[in-house]
Amino acid sequence: MVVFENEEVYIICKPPGMSAQEDLTDGDAVPARFPGTHCITRLDKRVSGLMILAKEAAAARKWSRYLQEGAIRKVYHCVVARRPEADSGELVHWIRKEAKARVFNREEKGSKPAVLHYRVLCSSERYHLLEIQIATGRFHQIRAQLAAIGSPIVGDLRYGYKRSSPDGSIFLCCTQVSVQDISVEIPLPGEWERYGVLQKLS
């Protein structure tokens, strides 16, 4: 689960189904596995991939500043069943956090701008693998913005996908984290193989 460690942080690979914060209904949460740490980056419970945990408060302040200044670069991959119209592009919306992320095409009361860049890497007969980078860190941003253009992520029932995935996960993964001289990358989830996109990528 730990893929990188130094004196200040752990970078871990969180599996889908594990909560990134204290979960009183489920003891299998990141804080239970790494007591006393501070989450610098977070992932939704059903999403997988890399997270940064600071070991103590001083490191948390330092790394939170990196995040706020945009010094931490994250790359995500996801699988969708409907290909976006363009092979690559920038999505610009406004998001308001409610029970789920509500997406608008223009600024509305209580909303914040949300910007992401995507690239279609390959396609199988029915599915498409996207690489995603976000310029803003909004609530459920990737999930909500892709749903807003008619390309909800596989398994994401909350944002309009029709069926749950076999393992209950959402096919979204943070695959790369880079900051200063640190760069960590993990392979795409093996569960995605049955959807044909990994074979096309290779």
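The preceding data block contains the structure.
Undergrad: Go over the pairing of strand 2 (residues 9–14) with me, naming the residues and quoting the values.
TA: Extensive coverage of strand 2 is indicated by the burial of 5 of its 6 residues. Across 3 bridges, the pairing between strand 1 (residues 2–5) and strand 2 is antiparallel. Across the sheet, the residue bridging to glutamate 5 is tyrosine 10, located in strand 2. In this antiparallel pair of consecutive strands, strand 1 and strand 2, the connection spans 3 residues. Where strand 2 meets strand 4 (residues 48–54), 6 bridges bridge the pair, whose relative direction is antiparallel. Note that in strand 4 the partner of isoleucine 12 across the bridge is methionine 51.

Undergrad: Can you explain the nonpolar core? Please cite residues and give values.
TA: Of all hydrophobic cores here, the largest spans 54 residues; its most connected members are Trp63, Ile132, Leu146 and Ile153. Leucine 146 has contacts with Cys78, Val80, Leu91, Leu130, Ile132, Ser151, Pro152 and Ile153, leaving out every residue within four places of it along the chain. Of all hydrophobic cores here, the second largest spans 5 residues; its members include Ile95, Ala101, Ala114 and Ala144.

Undergrad: Summarise the pattern of salt bridges; cite the residues concerned and give the values.
TA: If you walk through the whole model with that rule in mind, you get 10 salt bridges. In this structure, glutamate 5 and lysine 55 form a salt bridge, with 2.8 Å as the shortest nitrogen-oxygen distance. Of this pair, glutamate 5 sits in strand 1 while lysine 55 sits in the loop between strand 4 and helix 2 (57–68), placing them 50 residues apart in sequence. The class for lysine 55 is partly exposed, based on a relative accessible area of 25%. Each member of the salt-bridge network shares a partner with another, and the members are Asp44, Arg143 and Asp156.

Undergrad: Describe unusual backbone geometry, with residues and values.
TA: Phi is positive for histidine 140, close to 55°, though the residue is something other than glycine. Overall, histidine 140 belongs to the buried group, its relative accessible area being 9%. In this structure, glutamine 180 is a non-glycine residue whose phi angle is positive, near 50°. Here glutamine 180 is to be found in the loop between strand 10 (172–179) and strand 11 (182–185). In this structure glutamine 180 comes out as exposed when scored by relative accessible area, which is 66%.

Undergrad: Requested: an account of helix 2, with residues and values cited.
TA: Under the 1.5 Å per step criterion, the end-to-end length of helix 2 is 16 Å for 12 residues, consistent within 8% with the ideal 16 Å. Those residues of helix 2 that fall on the buried side of the exposure criterion are Ala59, Ala60, Trp63 and Tyr66. The arc enclosing the buried residues of helix 2, seen along the axis, measures out at 120°, which places them on a common side. Seen from the open side of helix 2, the exposed residues pointing more than 90 degrees away from its buried face are Arg61 and Gln68. Phi turns positive one or two residues past the end of helix 2, at glycine 70, with a value near 80°.

Criteria and thresholds
- Residues numbered from 1 in each chain as written.
- Predicted model: local features only at pLDDT ≥ 70, side-chain atom pairs only at ≥ 80, totals over all residues.
- Heavy atoms only, no water.
- Buried < 20%, exposed > 50% of the residue type's maximum accessible area, 1.4 Å probe, protein only.
- Helix = DSSP H or I, 4+ residues; strand = E, 2+ residues; numbered from the N terminus.
- Pairing = 2+ DSSP bridges.
- Core = buried A, V, L, I, M, F, W, Y, C linked by side-chain atoms within 4.5 Å.
- Contact = heavy atoms within 4.5 Å.
- Salt bridge = Lys/Arg side-chain N within 4 Å of Asp/Glu carboxyl O.
- Expected span 1.5 Å × (residues − 1).
- Arc of directions from axis to C-beta.

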